[in-house]
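Architecture and fold: a report
Each chain, written out:
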Amino acid sequence: MFPTNAPLRRLKAALLPVALLTLPLPLQAASDAEPAGDELPVAEIQAFAEVFERIKRAYVEEVDDATLMRNAMRGMLSELDPHSTYLDAEAYQSLQESTQGEFGGVGIEVGKRDGQLTVITPIDDTPASRAGLQAQDVILRIDDTPTEGMSLQEAVDLMRGEPGTDIRLTIMREGENAPREMNIEREVIRTESVKQELLAPGYGYLRVSQFQTRTGEQVVDALDTLRDEGPLQGLVLDLRNNPGGVLQAAVDVADAFLESGLVVYTEGRLPDSAMRFSAHRDTAAPDVPLVILINGGSASAAEIVAGALQDQRRGVVMGTESFGKGSVQQIMPLGDDEALKLTTARYFTPSGRSIQALGIEPDVQVVRGRLEVAENTGMRVREADLEGHLAGNGEDDARGEMSERLRDDYQLGEALNLLKALNVLGERGAAAVGRGNDG
(Lines give C-alpha, C1' and ligand atoms only; values in the text may rest on other atoms or scores of the structure.)
Protein backbone atom coordinates (compact mmCIF):
# COMPACT_ATOMS: atom_id res chain seq x y z
CA MET A 1 0.00 0.00 0.00
CA PHE A 2 1.12 3.52 -0.76
CA PRO A 3 1.15 5.95 2.13
CA THR A 4 -1.80 8.31 2.26
CA ASN A 5 -1.02 11.79 0.96
CA ALA A 6 -2.36 14.67 3.06
CA PRO A 7 -3.04 17.00 0.09
CA LEU A 8 -5.13 14.27 -1.54
CA ARG A 9 -7.18 13.86 1.59
CA ARG A 10 -7.81 17.59 1.50
CA LEU A 11 -8.88 17.34 -2.16
CA LYS A 12 -11.42 14.66 -1.33
CA ALA A 13 -12.55 16.60 1.70
CA ALA A 14 -13.04 19.71 -0.46
CA LEU A 15 -14.88 18.00 -3.28
CA LEU A 16 -17.24 15.61 -1.53
CA PRO A 17 -19.04 18.08 0.76
CA VAL A 18 -19.77 20.27 -2.27
CA ALA A 19 -21.42 17.32 -3.96
CA LEU A 20 -23.35 16.34 -0.84
CA LEU A 21 -24.62 19.88 -0.33
CA THR A 22 -26.25 19.80 -3.77
CA LEU A 23 -28.24 16.64 -3.06
CA PRO A 24 -31.98 17.18 -2.59
CA LEU A 25 -33.37 16.96 0.95
CA PRO A 26 -34.48 14.74 2.52
CA LEU A 27 -31.96 12.16 1.29
CA GLN A 28 -34.47 9.32 1.70
CA ALA A 29 -36.86 10.89 -0.78
CA ALA A 30 -34.08 11.62 -3.24
CA SER A 31 -33.53 7.97 -4.12
CA ASP A 32 -36.95 7.76 -5.80
CA ALA A 33 -36.86 11.19 -7.46
CA GLU A 34 -35.32 12.38 -10.70
CA PRO A 35 -31.91 13.97 -10.04
CA ALA A 36 -31.87 17.74 -10.24
CA GLY A 37 -30.09 19.22 -13.24
CA ASP A 38 -27.58 21.18 -11.15
CA GLU A 39 -26.48 18.35 -8.84
CA LEU A 40 -22.83 17.35 -8.73
CA PRO A 41 -22.43 13.58 -9.23
CA VAL A 42 -20.89 12.14 -6.06
CA ALA A 43 -19.64 8.93 -7.67
CA GLU A 44 -17.87 10.78 -10.49
CA ILE A 45 -16.24 13.21 -8.05
CA GLN A 46 -15.00 10.28 -6.01
CA ALA A 47 -13.61 8.72 -9.19
CA PHE A 48 -11.91 12.00 -10.12
CA ALA A 49 -10.27 12.21 -6.70
CA GLU A 50 -9.13 8.61 -7.03
CA VAL A 51 -7.57 9.26 -10.47
CA PHE A 52 -5.90 12.39 -9.13
CA GLU A 53 -4.46 10.36 -6.25
CA ARG A 54 -3.18 7.56 -8.49
CA ILE A 55 -1.39 10.02 -10.76
CA LYS A 56 0.21 11.76 -7.80
CA ARG A 57 1.41 8.47 -6.38
CA ALA A 58 2.40 6.37 -9.37
CA TYR A 59 3.09 8.52 -12.45
CA VAL A 60 6.65 8.12 -13.70
CA GLU A 61 7.46 11.78 -13.06
CA GLU A 62 6.27 14.03 -10.26
CA VAL A 63 3.48 16.41 -11.25
CA ASP A 64 2.37 19.31 -9.06
CA ASP A 65 -1.24 19.73 -8.01
CA ALA A 66 -1.81 22.98 -9.92
CA THR A 67 -0.67 21.42 -13.21
CA LEU A 68 -2.98 18.45 -12.75
CA MET A 69 -5.97 20.64 -11.98
CA ARG A 70 -5.33 22.90 -14.99
CA ASN A 71 -4.96 19.86 -17.24
CA ALA A 72 -8.25 18.54 -15.87
CA MET A 73 -9.97 21.83 -16.74
CA ARG A 74 -8.47 21.78 -20.24
CA GLY A 75 -9.68 18.25 -20.79
CA MET A 76 -13.15 19.02 -19.46
CA LEU A 77 -13.55 21.93 -21.89
CA SER A 78 -11.88 20.34 -24.92
CA GLU A 79 -14.43 17.52 -24.88
CA LEU A 80 -17.31 20.00 -25.26
CA ASP A 81 -16.44 21.48 -28.66
CA PRO A 82 -13.33 22.68 -30.53
CA HIS A 83 -13.70 26.29 -29.40
CA SER A 84 -14.27 26.04 -25.64
CA THR A 85 -11.00 26.15 -23.74
CA TYR A 86 -9.22 27.12 -20.55
CA LEU A 87 -6.92 30.13 -20.97
CA ASP A 88 -3.89 30.41 -18.74
CA ALA A 89 -2.36 33.84 -18.17
CA GLU A 90 -0.22 33.73 -21.33
CA ALA A 91 -3.05 32.51 -23.59
CA TYR A 92 -5.47 35.05 -22.10
CA GLN A 93 -3.06 37.92 -22.74
CA SER A 94 -2.46 36.72 -26.31
CA LEU A 95 -6.21 36.60 -26.95
CA GLN A 96 -6.66 40.14 -25.65
CA GLU A 97 -3.84 41.39 -27.86
CA SER A 98 -5.28 39.75 -30.98
CA THR A 99 -8.79 41.13 -30.42
CA GLN A 100 -7.68 44.62 -29.38
CA GLY A 101 -4.97 44.84 -32.03
CA GLU A 102 -2.49 46.26 -29.52
CA PHE A 103 0.63 44.77 -27.95
CA GLY A 104 4.07 45.76 -26.72
CA GLY A 105 6.67 45.04 -29.39
CA VAL A 106 8.94 46.46 -32.08
CA GLY A 107 6.55 46.43 -35.06
CA ILE A 108 7.69 43.87 -37.61
CA GLU A 109 6.03 41.06 -39.50
CA VAL A 110 8.26 37.98 -39.52
CA GLY A 111 8.21 34.60 -41.23
CA LYS A 112 10.44 31.65 -42.03
CA ARG A 113 12.51 31.63 -45.22
CA ASP A 114 14.78 28.66 -45.87
CA GLY A 115 14.45 27.83 -42.19
CA GLN A 116 15.63 31.26 -41.05
CA LEU A 117 13.67 33.88 -39.13
CA THR A 118 13.24 36.65 -41.69
CA VAL A 119 11.68 40.11 -41.62
CA ILE A 120 8.75 40.24 -44.03
CA THR A 121 8.16 43.93 -43.52
CA PRO A 122 8.64 46.55 -40.80
CA ILE A 123 5.38 48.31 -39.96
CA ASP A 124 5.45 52.04 -40.73
CA ASP A 125 6.14 54.45 -37.87
CA THR A 126 7.20 51.78 -35.37
CA PRO A 127 10.49 51.22 -33.49
CA ALA A 128 11.53 48.64 -36.10
CA SER A 129 11.11 50.99 -39.07
CA ARG A 130 12.80 53.87 -37.24
CA ALA A 131 15.72 51.61 -36.30
CA GLY A 132 16.26 50.79 -39.97
CA LEU A 133 15.11 47.17 -40.14
CA GLN A 134 14.39 46.13 -43.72
CA ALA A 135 12.45 43.42 -45.48
CA GLN A 136 14.52 40.23 -45.98
CA ASP A 137 16.75 40.95 -42.98
CA VAL A 138 17.55 37.64 -41.28
CA ILE A 139 17.26 37.73 -37.47
CA LEU A 140 20.07 35.61 -36.04
CA ARG A 141 19.60 36.31 -32.32
CA ILE A 142 16.98 37.89 -30.07
CA ASP A 143 18.91 39.30 -27.15
CA ASP A 144 21.21 36.35 -26.31
CA THR A 145 18.97 33.61 -27.75
CA PRO A 146 19.86 32.15 -31.18
CA THR A 147 16.86 31.86 -33.51
CA GLU A 148 18.08 28.75 -35.30
CA GLY A 149 15.49 26.00 -34.79
CA MET A 150 13.15 28.42 -33.02
CA SER A 151 9.47 28.28 -33.93
CA LEU A 152 7.78 31.37 -35.30
CA GLN A 153 5.56 31.69 -32.23
CA GLU A 154 8.55 31.42 -29.88
CA ALA A 155 10.27 34.22 -31.76
CA VAL A 156 7.18 36.43 -31.63
CA ASP A 157 6.81 35.80 -27.90
CA LEU A 158 10.44 36.80 -27.31
CA MET A 159 10.14 40.02 -29.31
CA ARG A 160 6.96 41.12 -27.59
CA GLY A 161 7.16 42.64 -24.14
CA GLU A 162 6.35 45.59 -21.96
CA PRO A 163 6.46 48.97 -23.74
CA GLY A 164 9.57 50.88 -22.69
CA THR A 165 11.77 47.78 -22.36
CA ASP A 166 14.73 47.20 -24.67
CA ILE A 167 15.44 44.35 -27.05
CA ARG A 168 18.63 43.57 -28.96
CA LEU A 169 18.34 42.00 -32.41
CA THR A 170 21.30 40.57 -34.28
CA ILE A 171 20.58 40.61 -38.01
CA MET A 172 22.28 39.62 -41.25
CA ARG A 173 21.49 41.76 -44.28
CA GLU A 174 21.95 40.65 -47.85
CA GLY A 175 25.11 42.10 -49.39
CA GLU A 176 26.84 42.64 -46.03
CA ASN A 177 29.75 40.56 -44.74
CA ALA A 178 29.05 40.67 -41.02
CA PRO A 179 26.00 40.71 -38.74
CA ARG A 180 24.87 43.95 -37.16
CA GLU A 181 23.19 44.54 -33.80
CA MET A 182 20.22 46.81 -33.22
CA ASN A 183 18.99 47.97 -29.84
CA ILE A 184 15.31 48.80 -30.03
CA GLU A 185 12.89 50.05 -27.40
CA ARG A 186 9.48 48.37 -27.45
CA GLU A 187 6.36 50.50 -27.88
CA VAL A 188 2.64 49.90 -28.04
CA ILE A 189 2.05 48.51 -31.53
CA ARG A 190 -1.38 48.88 -33.07
CA THR A 191 -2.04 46.43 -35.86
CA GLU A 192 -4.34 47.31 -38.75
CA SER A 193 -6.88 44.64 -39.64
CA VAL A 194 -8.04 46.53 -42.77
CA LYS A 195 -6.14 47.33 -45.97
CA GLN A 196 -7.39 49.11 -49.07
CA GLU A 197 -6.26 49.88 -52.60
CA LEU A 198 -7.67 50.59 -56.04
CA LEU A 199 -7.86 47.55 -58.31
CA ALA A 200 -8.59 49.78 -61.28
CA PRO A 201 -9.85 53.35 -61.66
CA GLY A 202 -13.14 53.57 -59.76
CA TYR A 203 -12.97 50.03 -58.34
CA GLY A 204 -11.83 49.59 -54.76
CA TYR A 205 -10.46 46.63 -52.80
CA LEU A 206 -11.04 46.28 -49.06
CA ARG A 207 -9.25 43.47 -47.23
CA VAL A 208 -10.35 42.59 -43.67
CA SER A 209 -7.88 40.07 -42.21
CA GLN A 210 -9.65 39.62 -38.86
CA PHE A 211 -12.24 41.38 -36.70
CA GLN A 212 -10.65 43.41 -33.93
CA THR A 213 -12.15 46.02 -31.64
CA ARG A 214 -11.36 48.88 -34.05
CA THR A 215 -12.07 47.09 -37.36
CA GLY A 216 -15.38 48.89 -37.93
CA GLU A 217 -13.70 52.29 -37.62
CA GLN A 218 -10.87 51.17 -39.89
CA VAL A 219 -13.33 50.09 -42.61
CA VAL A 220 -14.98 53.52 -42.59
CA ASP A 221 -11.55 55.21 -42.76
CA ALA A 222 -10.51 52.92 -45.63
CA LEU A 223 -13.66 53.75 -47.58
CA ASP A 224 -12.94 57.47 -47.13
CA THR A 225 -9.38 56.93 -48.40
CA LEU A 226 -10.64 55.11 -51.51
CA ARG A 227 -13.19 57.83 -52.24
CA ASP A 228 -10.43 60.45 -52.05
CA GLU A 229 -9.17 58.92 -55.34
CA GLY A 230 -12.54 59.54 -56.99
CA PRO A 231 -16.10 58.16 -57.03
CA LEU A 232 -16.37 54.42 -56.38
CA GLN A 233 -18.12 52.42 -59.08
CA GLY A 234 -17.65 49.14 -57.24
CA LEU A 235 -15.97 47.53 -54.25
CA VAL A 236 -14.57 44.08 -53.44
CA LEU A 237 -14.80 43.16 -49.74
CA ASP A 238 -12.23 40.37 -49.22
CA LEU A 239 -13.04 38.12 -46.24
CA ARG A 240 -11.04 35.10 -47.41
CA ASN A 241 -9.02 33.31 -44.72
CA ASN A 242 -10.50 35.65 -42.11
CA PRO A 243 -10.82 33.58 -38.90
CA GLY A 244 -13.35 35.95 -37.27
CA GLY A 245 -12.94 37.78 -34.00
CA VAL A 246 -15.05 40.33 -32.15
CA LEU A 247 -18.80 40.05 -32.77
CA GLN A 248 -19.47 43.79 -32.47
CA ALA A 249 -16.78 44.50 -35.07
CA ALA A 250 -18.56 42.21 -37.53
CA VAL A 251 -21.82 44.06 -36.91
CA ASP A 252 -20.05 47.40 -37.45
CA VAL A 253 -18.57 46.27 -40.77
CA ALA A 254 -21.92 45.00 -42.07
CA ASP A 255 -23.49 48.25 -40.84
CA ALA A 256 -21.09 50.20 -43.05
CA PHE A 257 -22.98 48.85 -46.08
CA LEU A 258 -26.53 48.49 -44.71
CA GLU A 259 -28.99 51.27 -43.91
CA SER A 260 -31.46 49.12 -41.97
CA GLY A 261 -32.47 45.58 -41.13
CA LEU A 262 -31.17 42.74 -39.01
CA VAL A 263 -27.47 41.86 -39.20
CA VAL A 264 -27.32 38.78 -36.95
CA TYR A 265 -29.02 37.23 -33.94
CA THR A 266 -27.90 34.65 -31.41
CA GLU A 267 -29.66 31.98 -29.38
CA GLY A 268 -28.43 30.06 -26.34
CA ARG A 269 -29.50 28.63 -22.99
CA LEU A 270 -28.79 31.71 -20.89
CA PRO A 271 -31.23 34.66 -21.09
CA ASP A 272 -28.43 37.11 -21.94
CA SER A 273 -27.19 34.92 -24.80
CA ALA A 274 -30.24 35.79 -26.92
CA MET A 275 -29.20 38.98 -28.74
CA ARG A 276 -30.20 40.83 -31.91
CA PHE A 277 -28.04 43.31 -33.83
CA SER A 278 -29.44 45.66 -36.48
CA ALA A 279 -27.99 48.19 -38.91
CA HIS A 280 -28.28 51.95 -38.42
CA ARG A 281 -29.34 54.57 -40.94
CA ASP A 282 -25.96 56.36 -40.79
CA THR A 283 -24.09 54.21 -43.34
CA ALA A 284 -20.65 54.73 -44.86
CA ALA A 285 -21.27 53.08 -48.27
CA PRO A 286 -24.96 52.30 -48.80
CA ASP A 287 -25.01 52.38 -52.61
CA VAL A 288 -21.62 51.16 -53.87
CA PRO A 289 -21.96 47.91 -55.89
CA LEU A 290 -20.40 45.20 -53.72
CA VAL A 291 -18.82 41.76 -54.19
CA ILE A 292 -17.90 39.79 -51.06
CA LEU A 293 -15.12 37.19 -51.42
CA ILE A 294 -15.17 34.16 -49.09
CA ASN A 295 -13.51 30.75 -48.94
CA GLY A 296 -13.06 27.80 -46.60
CA GLY A 297 -10.95 29.95 -44.28
CA SER A 298 -13.71 32.51 -43.74
CA ALA A 299 -15.16 31.79 -40.32
CA SER A 300 -17.31 33.12 -37.50
CA ALA A 301 -17.50 36.94 -37.70
CA ALA A 302 -16.52 36.84 -41.39
CA GLU A 303 -19.50 34.54 -42.02
CA ILE A 304 -21.78 36.91 -40.09
CA VAL A 305 -20.87 39.76 -42.44
CA ALA A 306 -21.16 37.65 -45.59
CA GLY A 307 -24.48 36.14 -44.45
CA ALA A 308 -25.99 39.50 -43.53
CA LEU A 309 -25.03 41.16 -46.82
CA GLN A 310 -26.24 38.11 -48.75
CA ASP A 311 -29.60 37.88 -46.96
CA GLN A 312 -30.20 41.60 -47.37
CA ARG A 313 -29.25 41.35 -51.07
CA ARG A 314 -26.71 44.09 -50.54
CA GLY A 315 -23.96 42.38 -52.53
CA VAL A 316 -22.94 39.27 -54.43
CA VAL A 317 -21.06 36.64 -52.39
CA MET A 318 -18.38 35.00 -54.53
CA GLY A 319 -15.78 32.28 -53.97
CA THR A 320 -16.17 28.94 -52.19
CA GLU A 321 -18.17 27.70 -49.22
CA SER A 322 -17.10 29.21 -45.88
CA PHE A 323 -15.82 27.35 -42.82
CA GLY A 324 -19.08 27.00 -40.89
CA LYS A 325 -18.23 28.25 -37.39
CA GLY A 326 -21.55 29.61 -36.20
CA SER A 327 -21.04 29.50 -32.45
CA VAL A 328 -20.55 32.29 -29.91
CA GLN A 329 -17.78 32.14 -27.29
CA GLN A 330 -17.86 34.25 -24.15
CA ILE A 331 -14.67 35.09 -22.30
CA MET A 332 -15.18 34.61 -18.55
CA PRO A 333 -12.29 35.86 -16.36
CA LEU A 334 -11.35 33.47 -13.54
CA GLY A 335 -8.92 35.64 -11.60
CA ASP A 336 -5.10 35.42 -11.56
CA ASP A 337 -5.16 36.64 -15.19
CA GLU A 338 -6.79 33.40 -16.32
CA ALA A 339 -10.06 32.94 -18.16
CA LEU A 340 -12.57 30.51 -19.56
CA LYS A 341 -13.60 30.65 -23.22
CA LEU A 342 -16.97 28.92 -23.37
CA THR A 343 -19.41 28.38 -26.23
CA THR A 344 -22.73 29.85 -25.07
CA ALA A 345 -24.83 30.46 -28.21
CA ARG A 346 -25.23 30.02 -31.98
CA TYR A 347 -25.25 32.65 -34.72
CA PHE A 348 -28.12 33.00 -37.19
CA THR A 349 -28.24 35.14 -40.32
CA PRO A 350 -31.14 37.60 -40.77
CA SER A 351 -33.19 34.99 -42.66
CA GLY A 352 -32.76 32.47 -39.84
CA ARG A 353 -29.99 30.37 -41.37
CA SER A 354 -27.65 28.68 -38.89
CA ILE A 355 -24.02 29.04 -39.87
CA GLN A 356 -22.83 26.24 -37.57
CA ALA A 357 -21.30 23.31 -39.51
CA LEU A 358 -23.04 24.59 -42.67
CA GLY A 359 -21.23 27.78 -43.63
CA ILE A 360 -22.22 30.37 -46.21
CA GLU A 361 -22.82 29.21 -49.78
CA PRO A 362 -21.57 31.79 -52.30
CA ASP A 363 -23.94 33.17 -54.91
CA VAL A 364 -21.21 32.62 -57.50
CA GLN A 365 -18.82 29.69 -57.13
CA VAL A 366 -15.27 30.60 -58.15
CA VAL A 367 -12.43 28.29 -57.21
CA ARG A 368 -9.11 29.95 -56.55
CA GLY A 369 -6.68 29.53 -59.41
CA ARG A 370 -4.41 31.30 -61.82
CA LEU A 371 -5.01 31.91 -65.51
CA GLU A 372 -2.02 30.94 -67.59
CA VAL A 373 -1.42 30.51 -71.34
CA ALA A 374 -1.29 26.83 -72.19
CA GLU A 375 1.97 25.55 -73.67
CA ASN A 376 2.27 25.00 -77.44
CA THR A 377 -0.93 26.94 -78.17
CA GLY A 378 0.82 30.07 -79.38
CA MET A 379 0.01 33.58 -78.22
CA ARG A 380 -2.39 35.89 -79.96
CA VAL A 381 -0.69 39.04 -81.24
CA ARG A 382 -2.56 42.27 -80.70
CA GLU A 383 -2.04 45.76 -82.12
CA ALA A 384 -0.63 46.89 -78.78
CA ASP A 385 2.13 44.26 -79.13
CA LEU A 386 3.46 45.69 -82.40
CA GLU A 387 6.54 47.88 -82.20
CA GLY A 388 5.75 51.52 -82.92
CA HIS A 389 1.99 51.13 -82.55
CA LEU A 390 -0.07 54.31 -82.19
CA ALA A 391 -1.07 55.16 -78.66
CA GLY A 392 -4.69 55.13 -77.69
CA ASN A 393 -6.60 58.02 -76.15
CA GLY A 394 -4.38 58.58 -73.13
CA GLU A 395 -1.03 56.86 -72.71
CA ASP A 396 -2.03 55.36 -69.37
CA ASP A 397 -3.68 52.16 -70.51
CA ALA A 398 -6.36 51.00 -68.07
CA ARG A 399 -4.75 47.56 -67.91
CA GLY A 400 -1.53 49.14 -66.73
CA GLU A 401 -3.33 50.94 -63.93
CA MET A 402 -4.80 47.74 -62.53
CA SER A 403 -3.47 46.42 -59.25
CA GLU A 404 -0.66 43.85 -59.44
CA ARG A 405 -2.71 41.90 -56.92
CA LEU A 406 -4.95 40.81 -59.81
CA ARG A 407 -2.18 38.97 -61.63
CA ASP A 408 -2.03 36.01 -59.24
CA ASP A 409 -5.55 36.09 -57.84
CA TYR A 410 -8.13 34.61 -60.18
CA GLN A 411 -11.02 35.00 -57.73
CA LEU A 412 -10.26 38.69 -57.28
CA GLY A 413 -10.08 39.17 -61.03
CA GLU A 414 -13.49 37.54 -61.44
CA ALA A 415 -14.89 39.77 -58.67
CA LEU A 416 -13.69 42.86 -60.55
CA ASN A 417 -15.16 41.55 -63.81
CA LEU A 418 -18.51 41.01 -62.07
CA LEU A 419 -18.52 44.55 -60.67
CA LYS A 420 -17.85 45.97 -64.12
CA ALA A 421 -20.62 43.82 -65.58
CA LEU A 422 -23.05 45.02 -62.90
CA ASN A 423 -22.23 48.62 -63.79
CA VAL A 424 -22.76 47.97 -67.52
CA LEU A 425 -26.09 46.29 -66.84
CA GLY A 426 -27.10 49.16 -64.58
CA GLU A 427 -26.29 51.76 -67.21
CA ARG A 428 -28.14 49.84 -69.91
CA GLY A 429 -31.13 49.40 -67.64
CA ALA A 430 -31.21 53.11 -66.93
CA ALA A 431 -30.89 53.89 -70.66
CA ALA A 432 -33.74 51.51 -71.48
CA VAL A 433 -35.98 53.19 -68.89
CA GLY A 434 -35.09 56.57 -70.37
CA ARG A 435 -36.04 55.46 -73.91
CA GLY A 436 -39.32 54.10 -72.58
CA ASN A 437 -40.17 57.46 -71.05
CA ASP A 438 -39.36 59.26 -74.29
CA GLY A 439 -41.86 57.10 -76.20
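Residues numbered from 1 in each chain as written. Predicted model: local features only at pLDDT ≥ 70, side-chain atom pairs only at ≥ 80, totals over all residues. Heavy atoms only, no water.

1. Some points on the packing of aromatic side chains
The geometry of an aromatic ring pair comes down to the distance between the two centres and the angle between the two planes. A full pass over the atoms with the stated rule returns two aromatic pairs. For the ring pair Phe48 and Phe52, a centre distance of 6.3 Å and an interplane angle of 45° mean the geometry is tilted. Here Phe48 pairs with Phe52, and both are found in helix α3 (residues 42–58), just four residues apart, close to one helical turn. Accessibility expressed as a relative area gives 32% for Phe48, which makes it partly exposed. Seen in terms of ring centroids, Tyr265 and Phe348 are 5.2 Å apart; in terms of plane orientation they differ by 10°. Their pairing is stacked. Placement of the pair is Tyr265 in strand β13 (residues 262–268) and Phe348 in strand β18 (residues 338–348), with a sequence separation of 83 residues. This pair shows no difference in class: Tyr265 is buried, exactly as Phe348 is. Note that Arg160 overlies the ring of Phe103, its terminal NZ or CZ placed 3.8 Å from the centroid. Here the guanidinium or amino end of Lys420 rests over the ring plane of Tyr203, the centre of that ring lying 5.8 Å away. (Phe/Tyr/Trp six-rings, centres within 6.5 Å; stacked < 30°, edge-to-face > 60°. Helix = DSSP H or I, 4+ residues; strand = E, 2+ residues; numbered from the N terminus. Buried < 20%, exposed > 50% of the residue type's maximum accessible area, 1.4 Å probe, protein only. Lys NZ or Arg CZ within 6 Å of the ring centre and 35° of its normal.)

2. Details of the sheet that holds strand β10 (residues 194–200)
Strand order in the open sheet made by the six strands is β10-β11-β12-β15-β16-β19, with mixed pairing throughout. Bordering the open sheet on either side are β10 and β19 (364–365), each of which pairs with just one other strand. The pairing of strand β16 (residues 316–319) with β19 spans two bridges and is classified as parallel. Counterpart to Met318 in the pairing with β19 is Val364. The sheet contacts of helix α8 (residues 215–228) involve β10, β11 (203–208) and β12 (234–238), and relative to β10 the element is tilted by about 25°. Across the face of the sheet, helix α10 (residues 301–311) comes into contact with β12, β15 (290–294) and β16 while running at roughly 140° to β15. (Pairing = 2+ DSSP bridges. Contact = heavy atoms within 4.5 Å. Axes fitted to C-alpha atoms, helices over the stretch in contact; angles between N-to-C directions.)

3. Notes on the environment of Ser209
For Ser209, the location among the structural elements is in the loop between β11 and α8. For Ser209, a relative accessible area of 30% translates into the label partly exposed. Residues Ser209 and Val194, spaced 15 residues apart in sequence, show a C-alpha to C-alpha distance of 6.5 Å. Those residues in contact with Ser209 that sit more than four places away from it in its chain are Glu192, Ser193, Asn241, Asn242 and Pro243.

4. Description of the packing of α8 against helix α9 (residues 247–255)
The N-to-C vectors of α8 and α9 enclose an angle of 25°; their axes lie 8 Å apart at closest approach. Considering the angle they form, α8 stands roughly parallel to α9. As α8 packs across α9, the resulting crossing turns out to be right-handed. Where α8 abuts α9, its residues Thr215, Gly216 and Val219 lie against Ala249, Asp252 and Val253. Considering only residue class, the contact of α8 with α9 consists of three nonpolar, two polar and one charged. (Parallel < 35°, antiparallel > 145°, perpendicular 65-115°, else oblique. Left-handed = near helix turned anticlockwise from the far one by under 90°. Nonpolar A, V, L, I, M, F, W, Y, C, P; charged D, E, K, R; others polar.)

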